[in-house]
Amino acid sequence: MGYESEIRALLILLDDPDESIYLSVKNRLEEESVDALPFFSEFYNEAVNKLRYDEIEAKIIFKEIFNYLNYIKENHIEFPIEEFCFKISKVTFPFEDSSKHLDQLNQIAIKLKERLSLLDDPIEIIKKVNEYIFDELKMEGNIDNYFEVENNYITKLLERKKANPITLSLLYIFICQRLNIPVKGIGLPGHFIVSYQFNENQIFIDTFNRGKFLTKDECREYVIKSGYTFTENLLLPQSNIKIAERILNNLTYYFEKIENKFKSQMCIKCIEIINQFD
């Protein structure tokens, strides 16, 4: 029996009322890679028990992510937030070719570097960064559909030019890292911005609001108006692990909202893994 015929035969048996048959089929399918997933759609709409399909699909998709996170943990590798951002998009888009998005990100940095070549004033440099990202590339906050799952993925930001605050901030950071511009991610309660340190000065940049410059007092005011207690620690850069945890919390919330409990559980398991990192 060929591969395609075998997968289809297993999927037909997935609705079998005999629990032992179902468990045997389930265990066999969970061994598969994402290459098996296109066949799921052939049977899903007519499936008696769609939750069985949802569970197996989630386990297949997250298996690669669990292996990736465990490899980082076991080898004590500094958490690679950019690589993680490209990996995590496969939770929703498992067949996405992230290499083209990485090339796109590199090209953005190369073109921006040309525009910065004659500048040496730190403020003028960051203004030019903002002009390029928000005016020329037209990256923007997705205000109308803030909770769309695509807003969490940098690959989709590069395609659609809109996202949530953390994804826009990470794009900003990844571009600036390629240009040796010192920006860091700042995780405010309910919002995410970046800080830009130059000489003895520091400004904050709201990427969701087209790169608007913020003072420390304006950040404090935002936090207080949002109903939180302001502390100086809120303006410290977040670690890569904390940023990844924040992305996963967003995804957990989304999957809970659409009642995909299996992907929600898998996101929580990812958080548990990264919280074990050194």
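Residues numbered from 1 in each chain as written. Predicted model: local features only at pLDDT ≥ 70, side-chain atom pairs only at ≥ 80, totals over all residues. Heavy atoms only, no water.

In this structure, what is going on with the overall build of the protein? I would like to understand it.
The secondary structure content of the protein amounts to 12 helices and 6 strands. Principal axes of the C-alpha set define a box for the protein whose edges measure 70 × 40 × 40 Å. Expressed as a percentage of the 278 residues in the protein, the buried residues total 49%. As displayed, the protein has an accessible area near 14,400 Å², and 49% of this comes from carbon and sulfur atoms. Treating the 34 positive side-chain charges of the protein as one cloud and the 46 negative ones as another, the clouds have centres 3 Å apart. (Helix = DSSP H or I, 4+ residues; strand = E, 2+ residues; numbered from the N terminus. Buried < 20%, exposed > 50% of the residue type's maximum accessible area, 1.4 Å probe, protein only. Areas by Shrake-Rupley, 256 points an atom, 1.4 Å probe, with all protein chains shown as cover. Lys, Arg positive; Asp, Glu negative; His and termini not counted. Charge placed at Lys NZ, Arg CZ, Asp CG, Glu CD.)

Before we go on, may I ask you to explain empty space enclosed by the protein in this structure?
Empty space among the atoms becomes visible once a probe the size of a water molecule is rolled across them. Evaluated as defined, the whole model comprises 3 cavities of 30 Å³ or more. Computed from the structure, the largest cavity encloses a volume of approximately 50 Å³. In this structure, the largest cavity is lined by V34, I61, E64, I65, K87, K90 and P94. Ranked by residues supplied to the lining of the largest cavity, first place goes to helix α4 (residues 50–74) with 3 residues. (1 Å grid on protein atoms, 1.4 Å probe; cavity = no way out; pocket = protein on both sides within 12 Å on 5 of 7 lines; lining within 4 Å. Points joined across faces, edges and corners; volume = space filled by probe spheres on them.)

Can you help me understand unusual backbone geometry in this one?
Generally, phi is negative for residues other than glycine and the peptide bonds are trans, each holding for most cases. The residue H76 is not glycine, and still its phi comes out positive at about 55°. Tracing the chain through its elements places H76 in the loop between α4 and α5 (81–88). Taking relative accessible area as the criterion, H76 reaches 58% and is therefore assigned exposed. Despite not being glycine, R210 shows a phi value in the positive range, around 55°. Residue placement: R210 occurs in the loop between β5 (201–206) and β6 (212–214).

Honestly, the sheet that holds strand β3 (residues 183–188) in this entry has me stumped. Any pointers?
Each strand in a sheet pairs with another by means of backbone hydrogen bonds, the pair being arranged parallel or else antiparallel. Strand order across the open sheet formed by 4 strands is β3-β4-β5-β6, with antiparallel pairing between neighbours. The open sheet is flanked by β3 and β6, the only strands paired with a single partner. Each neighbouring strand pair of the sheet contributes to a mean axis angle of 35°, computed without reference to strand direction. As defined by bridge partners, β5 adjoins β6 across 3 bridges and the pair is classed as antiparallel. Looking across to β6, one finds that I205 is bridged to F213. (Pairing = 2+ DSSP bridges. Axes fitted to C-alpha atoms, helices over the stretch in contact; angles between N-to-C directions.)

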